[in-house]
There are 2 protein chains.
Amino acid sequence: MASFKILLVEDDLNLGQILNEYLTVKGYETKLCRDGDEGVKAFKREAFDLCLFDVMLPKKDGFSMAKEIRREDKVTPIIFLTAKSMKEDTIEGFKIGGDDYITKPFSMEELLLRIQAILRRTAEKNPQISDQKIFEFGSFKFDYDKQILSRPGSEEVRLTSKESELLRLLCLHVNQPLDRSTALKIIWRDDSYFNARSMDVYIAKLRKMLKDDESVQIITIHGSGFKLITEGQIA
Amino acid sequence: MASFKILLVEDDLNLGQILNEYLTVKGYETKLCRDGDEGVKAFKREAFDLCLFDVMLPKKDGFSMAKEIRREDKVTPIIFLTAKSMKEDTIEGFKIGGDDYITKPFSMEELLLRIQAILRRTAEKNPQISDQKIFEFGSFKFDYDKQILSRPGSEEVRLTSKESELLRLLCLHVNQPLDRSTALKIIWRDDSYFNARSMDVYIAKLRKMLKDDESVQIITIHGSGFKLITEGQIA
DNA sequence: AAAGGCTGGTTAAATCATGTTAATTTTTGT
DNA sequence: ACAAAAATTAACATGATTTAACCAGCCTTT
């Protein structure tokens, strides 16, 4: 993963600016939203590694955002920025919840430490970040780095980078569903109408390349995604 | 199973909010209802893995809800939230009944531990969660992963994902009834009028596919559900 | 057993998601 | 700046799922 991407939702223009710049300087990619609705919308479109939500927000407060996001995504860590006046028990709940909170006013340094700690913790168990380079399935061998798909008895096929990205994701999920939106957010960085159509085009291309081996197929799971199925083991 | 779904019934707005948010953040899907009637209605419409009922509730108290639910469903675990003043023996009864109770005030952490313990216990013996992929009945072979129904001497039939889901459920219950509402809640996530009509359409499609082998049939159990019957064993 | 209500069966139409191919735009390599 | 490759957009085709409309059968009531 190139660099971590943080979704920052803060309505105070001033604080928002400062946080944004600070995190950018520290090497994080950030997206700043001003209210809860915007924030949730951004989360659904793009892939983030961490969320930083002010609790008091116009349109939709930080906790409601978390609730909405957790319906689809159980893992992305969320840090809440809370005012001191907040009731202890509410806060306690979230503290234990694997997510974190930080009370205003806070030092940038403290925030950064927490962010780093959480990212370190979650990065360890994130299966998405796999560095597997070579995949074998059915009679195929796919070299992700070299972007080559080969099969005994046939010519090697050189893949484009988008083709490779998509095939790699499918391979990482062999015999289990790959969610459309997940794939779009990972490969295209953005789940939008046109990117989705683009992905369909690539699925068609991959199917064409795989058609010679019947034991390997990309099946569609209507309304949800795709699945690369194969009998043989994967290496 | 993607994630566990909890039905939470609590009339205290504040506590309800907190519990709801806490559980959501902990990765559970939740539905919050404010009174007993609402709660029972929700349970009949949607599928839940666990119930969390306040005992003192408007419209219908927690114990009455449990009684009503147990008429149709004997397994879904129920945890009661009781005030300290509650008589010990009342509580004892429910405790022995396989369900659990927790006395207010309680810590979120304790509640979570109990929830996890119960879900772990019940998940083990839940037949719904079966990972069987290939089913054979009559002269048919059905591959759920590949979404293919085949029969010696005939062309393979490619199923759509909804068709596969439904056929799989029927297979998991061969020669025993599959409840309409159960199937709807599992496949469509929601037992509603239109989904029920949709399911009937799919039953018709499946019957058409199975019609060549007389030894296999989907029979209707009026007012309750369907049953896939077959003489041969299932593999 | 006839009537009426309710549940399920069947088919077709409407809607929405995905598949396919080609045209267009963008990027890359030279 | 040009040609070639890659990626996106467009346009159209197909397919899956839901909704609708209507029919048939079961079950209850009388």
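Residues numbered from 1 in each chain as written. Chains lettered and ligands numbered in written order. Predicted model: local features only at pLDDT ≥ 70, side-chain atom pairs only at ≥ 80, totals over all residues. Heavy atoms only, no water.

**Student:** For this particular structure, what's the right way to read the overall build of chain A?
**Tutor:** Check the secondary structure of chain A and you find 8 helices and 12 strands. Expressed as a percentage of its 235 residues, the buried residues of chain A come to 46%. Taking all contacts inside chain A whose residues are at least 6 apart in sequence as the whole, residues at least 24 apart take part in 56%. Summing over all exposed atoms, chain A offers an accessible surface of approximately 12100 Å²; the carbon and sulfur share of this is 50%. (Helix = DSSP H or I, 4+ residues; strand = E, 2+ residues; numbered from the N terminus. Buried < 20%, exposed > 50% of the residue type's maximum accessible area, 1.4 Å probe, protein only. Contact = heavy atoms within 4.5 Å. Areas by Shrake-Rupley, 256 points an atom, 1.4 Å probe, with all protein chains shown as cover.)

**Student:** For this particular structure, what's the right way to read the protein's contact with DNA strand D?
**Tutor:** Lining the immediate surroundings of DNA strand D are 21 residues, of which Thr160(A), Ser161(A), Thr160(B), Phe194(B) and Ser198(B) lie closest. Within the side chain of Trp188(A), a nitrogen or oxygen atom sits 3.0 Å from a phosphate oxygen of DNA strand D. A distance of 3.5 Å is found between a sugar or linking oxygen of DNA strand D and a side-chain nitrogen or oxygen belonging to His222(A). For the surface near DNA strand D, the secondary structure elements donating two or more residues are α6 (161-172) and α8 (193-210) of chain A together with α6 (161-172) and α8 (193-210) of chain B. With 6 residues, the top contributor of residues to the surface near DNA strand D is α8(B). (Near = heavy atom within 4 Å. Polar contact = N/O pair within 3.5 Å; in protein donor to acceptor, adjacent residues only side chain to side chain.)

**Student:** Is there a simple way to explain the domain arrangement of chain A in this structure?
**Tutor:** Interfaces are frequently sized by the accessible area removed from exposure as the parts join. Residues and elements named next belong to chain A. Partitioning chain A into domains gives domain 1 (5-129) and domain 2 (134-230). At the junction of the two partners, domain 1 supplies 8 residues and domain 2 supplies 11 residues. Carbon and sulfur atoms make up 35% of the area that domain 1 and domain 2 hide from each other, which totals about 750 Å². If you look at where domain 1 meets domain 2, you find 2 salt bridges. (Domains from an automatic or database assignment. Buried area = accessible area lost by both parts, 1.4 Å probe. Salt bridge = Lys/Arg side-chain N within 4 Å of Asp/Glu carboxyl O.)

**Student:** Would you explain the state of the cysteines in this entry?
**Tutor:** Residues and elements named next belong to chain A. The tally for this structure, following the rule as stated, stands at 0 disulfides over all chains. Here Cys33 stays free of any disulfide, with the sulfur of Cys51 as its closest cysteine sulfur at 9.9 Å. Residue Cys33 is classed as buried on the basis of its relative accessible area, which comes to 1%. (Disulfide = S-S within 2.5 Å.)

**Student:** Just checking my understanding: could you explain the side chain of Thr230(A) for this structure?
**Tutor:** All names here are of chain A. Position of Thr230 relative to the elements: it lies in strand β12 (residues 225-230). A polar side-chain atom of Thr230 sits 3.4 Å from the main-chain amide nitrogen of Gly138. Once residues lying within four places of it in the same chain are set aside, the contact partners of Thr230 are Phe137, Gly138, Val174, Asn175, Ser215 and Val216.

**Student:** Quick question: what am I supposed to make of the protein's contact with DNA strand C here?
**Tutor:** Surveying the vicinity of DNA strand C reveals 23 residues, the closest of which are Arg197(A), Arg207(A), Thr220(A), Arg207(B) and Thr220(B). Counting only atoms of DNA strand C within 4 Å of the protein, the fraction found in sugar and phosphate groups is 60%. At 3.0 Å, a side-chain N or O of Arg197(A) approaches a base nitrogen of DNA strand C. Within the residue set of the surface near DNA strand C, elements represented by two or more residues are α8 of chain A together with α8 of chain B. Looking at the surface near DNA strand C residue by residue, the classes come out as 6 nonpolar, 7 polar and 10 charged. (Nonpolar A, V, L, I, M, F, W, Y, C, P; charged D, E, K, R; others polar.)

**Student:** Sorry if this is basic, but what is going on with the sheet that holds strand β6 (residues 134-137) of chain A here?
**Tutor:** Adjacent strands of a sheet form backbone hydrogen bonds with each other and so pair up, either parallel or antiparallel. Residues and elements named next belong to chain A. The strand order across the open sheet formed by 4 strands is β6-β7-β8-β9, and the pairing between neighbours is antiparallel. Since the sheet does not close on itself, it has two edges, and those belong to β6 and β9 (157-158), each with one partner. Pairing of strand β7 (residues 140-143) with strand β8 (residues 148-150), which is carried by 3 bridges, proceeds in the antiparallel orientation. The residue bridging Lys141 from the neighbouring strand is Ser150, located in β8. Helix-sheet contacts for α6 involve β6, β7, β8 and β9, and the interaxial angle to β6 is about 65 degrees. (Pairing = 2+ DSSP bridges. Axes fitted to C-alpha atoms, helices over the stretch in contact; angles between N-to-C directions.)

**Student:** Any chance you could explain helix α1 (residues 13-25) of chain B here in plain terms?
**Tutor:** One full turn of an α-helix is made of 3.6 residues, so residues set three or four places apart face in the same direction. Residues and elements named next belong to chain B. Over its 13 residues, α1 extends 18 Å from the first C-alpha to the last, a length consistent with the 18 Å expected when each residue adds 1.5 Å. By the criterion of burial, α1 is predominantly enclosed, with 10 of the 13 residues buried. Among all positions in α1, only Leu15, Gly16, Ile18, Leu19, Asn20, Glu21, Tyr22, Leu23, Thr24 and Val25 are buried. In this structure Asp12 caps α1, since a side-chain oxygen of it lies 2.8 Å from the backbone nitrogen of Asn14. (Expected span 1.5 Å × (residues − 1).)

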